[in-house]
Amino acid sequence: MNSNSSNQQHETLDDIIFEGRNKLYGAYFLRQEYKQIIKRATLIGVGAFGLALSTPFIWASQNSRDKREVEITLQDVKLPPAEEKKIELPEPPKPETPVEPVKQIKYLAPEIVTDEREIELPPTQEELAESKATIGTENVDGAEIEMPPVDPDLVNTKPAIEAPVHVEKTEEKEFIVVEQMPAYKGGMRALSDFLSKNLKFPFQAQRAGISGKVYVSFIISGDGSISQLSVAKGIGFGCDEEALRVVSKMPNWIPGKQSGRPVSVRFTLPITFQIMEE
């Protein structure tokens, strides 16, 4: 009993686990070496950590030994004077070559005077042709000019009378959008008053309970008149015809303008037909 109890006291946990098994298996060997591996790893880690902490202090003490004090003396330095750049003056302008005056002869228009004085007559056409000079207000000596020869056949020739040019009237182009759109005289309030006074709700539309908008398209000419009326979109039951009738009775509009001049503009006006509830 004593021998067995003493043997059980010296047995380890590994011996109990691997009892009756092959202890040469790698797990049993690893368990035997585990404690030593932990000790070595702990010592290496503590040593590396201590070395990492001590390295900055070793490096600082080494650098403090290498520091030297250097004395710097400042001296005033005189800079050499800057070189003065010579400014080159532009060459004076060359004197202009005098232009030789053109020869001209004095020619005065006839003047009516009341007092008696010496009248200087203008030169004749023959003198003007022989002088080779231009006509001016006084006599000037200068270079003579060559006058173009006169065709004798053209002296007694009467000027031809040109036939009147017939200009065909082209159709004025109509616009959709212009710089200044046409407007009803008096503004939208006046247009609304005109429609409310002249527009009549057709009986067949009232009886059928029809309401909506009729879009009337027309052209406002350059003089403000209205032409080429048509229904762009209608609702029927006599409303389309009533809208055309009322628009045809409108007075002239203020015409639209493009580039500052009146032009023809295609305009679309919506007219509302709505049953008034009592």
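Note that the coordinates shown come from a computational prediction; the quantities given were computed from them, not determined experimentally.

Q: What is the right way to read helix H5 (residues 187-198) from this model?
A: Because the α-helix completes a turn every 3.6 residues, residues three or four places apart line up on one side. Compared with the 16 Å implied by 1.5 Å per residue over 12 residues, the 17 Å span of H5 between its first and last C-alpha is a close match. Buried within H5 we find Leu-191, Phe-194, Leu-195 and Asn-198. The buried residues of H5 occupy one face: seen down the axis, they fall within an arc of 95 degrees. Across from the buried face of H5, at angles greater than 90 degrees, the exposed residues are Arg-189, Ser-196 and Lys-197. The secondary structure elements touched by the buried residues of H5 are helix H7 (239-248) and strand E7 (261-273).

Q: Explanation requested: a nonpolar patch on the surface in the structure shown.
A: Among the surface-exposed residues, Val-70, Ile-72 and Leu-74 lie close enough to one another that they form a single nonpolar patch of about 420 Å² accessible area. Assignment of secondary structure puts Leu-74 in the loop between helix H3 (26-66) and strand E1 (104-106). Accessibility expressed as a relative area gives 79% for Leu-74, which makes it exposed.

Q: I keep staring at the pattern of salt bridges and nothing clicks. Help me out?
A: Pairing of side chains with opposite charge becomes possible as their charged atoms draw close. The tally for this structure, following the rule as stated, stands at two salt bridges. Linking Glu-174 and Arg-266 is a salt bridge whose minimum nitrogen-to-oxygen distance equals 3.6 Å. Residue Glu-174 is located in strand E3 (residues 174-175), and its partner Arg-266 is located in strand E7; the two are separated by 92 residues in the primary sequence. The partner of Glu-242 in a salt bridge is Arg-245, and the shortest N-O contact between them spans 2.5 Å. Of this pair, Glu-242 and Arg-245 are both found in helix H7, three residues apart, which corresponds to roughly one turn of the helix.

Q: Help me understand H7 in this model?
A: For H7, every residue scored as buried is listed here: Cys-239, Asp-240, Glu-242, Ala-243, Val-246 and Val-247. Down the axis of H7, the buried set is contained in an arc of 165 degrees. They therefore lie on one face. Those residues of H7 hidden inside the fold are in contact with H5, helix H6 (203-208), strand E4 (212-220), strand E5 (226-233) and E7.

Q: Got a minute to help me understand the nonpolar core in this structure?
A: Side chains of a nonpolar character, in soluble globular proteins, are inclined to be buried together. By size, the foremost hydrophobic cluster in this structure holds 20 residues, and its most contacted members are Phe-218, Val-247, Met-250, Trp-253, Leu-269 and Ile-271. Of all elements in the fold, only H5, E4, H7 and E7 reach the threshold of two or more residues within this core. Residues in contact with Leu-269, not counting those within four places in the same chain, are Leu-191, Val-214, Tyr-215, Val-216, Phe-218, Val-247 and Met-250.

Q: Can you help me understand the side chain of Asp-240 in this one?
A: Tracing the sequence through the fold places Asp-240 in helix H7. For Asp-240, the residues in contact, after removing those within four places along its chain, are Val-214, Val-231, Gly-234 and Ile-235.

Q: Explain the packing of aromatic side chains to me, please; I cannot follow it from the model alone.
A: The relation between two aromatic rings is expressed through the spacing of the ring centres and the mutual angle of the planes. Taken as a whole and assessed by the stated rule, the structure comprises six aromatic pairs. Ring centres 5.8 Å apart and planes at 85 degrees place the aromatic pair Phe-201 and Phe-273 in the edge-to-face group. Taken as a pair, Phe-201 in the loop between H5 and H6 and Phe-273 in strand E7 lie far apart in primary sequence, 72 residues in all. Among the aromatic residues, those joined into a ring-pair cluster are Tyr-184, Phe-194, Phe-218, Trp-253 and Phe-267.

Q: Just to check I follow, could you spell out the confidence of the model for the protein chain for this structure?
A: In low-pLDDT segments, the atomic positions of the prediction should not be examined closely. Averaged over every residue, the pLDDT of the protein chain is 77; the share at 70 or more is 66%. Mean pLDDT across the elements of the protein chain bottoms out in helix H1 (residues 2-10) (47) and peaks in E4 (94). Confidence drops under pLDDT 50 across residues 1-9; counting only partners more than four residues distant or on other chains, this segment forms zero contacts.

Cut-offs applied
Residues numbered from 1 in each chain as written. Predicted model: local features only at pLDDT ≥ 70, side-chain atom pairs only at ≥ 80, totals over all residues. Heavy atoms only, no water. Helix = DSSP H or I, 4+ residues; strand = E, 2+ residues; numbered from the N terminus. Expected span 1.5 Å × (residues − 1). Buried < 20%, exposed > 50% of the residue type's maximum accessible area, 1.4 Å probe, protein only. Arc of directions from axis to C-beta. Contact = heavy atoms within 4.5 Å. Patch = residues over 30% accessible without salt bridge, like charges linked within 9 Å, V, L, I, M, F, W, Y side chains within 5 Å. Areas by Shrake-Rupley, 256 points an atom, 1.4 Å probe, with all protein chains shown as cover. Salt bridge = Lys/Arg side-chain N within 4 Å of Asp/Glu carboxyl O. Core = buried A, V, L, I, M, F, W, Y, C linked by side-chain atoms within 4.5 Å. Phe/Tyr/Trp six-rings, centres within 6.5 Å; stacked < 30°, edge-to-face > 60°. pLDDT = per-residue confidence, 0-100.

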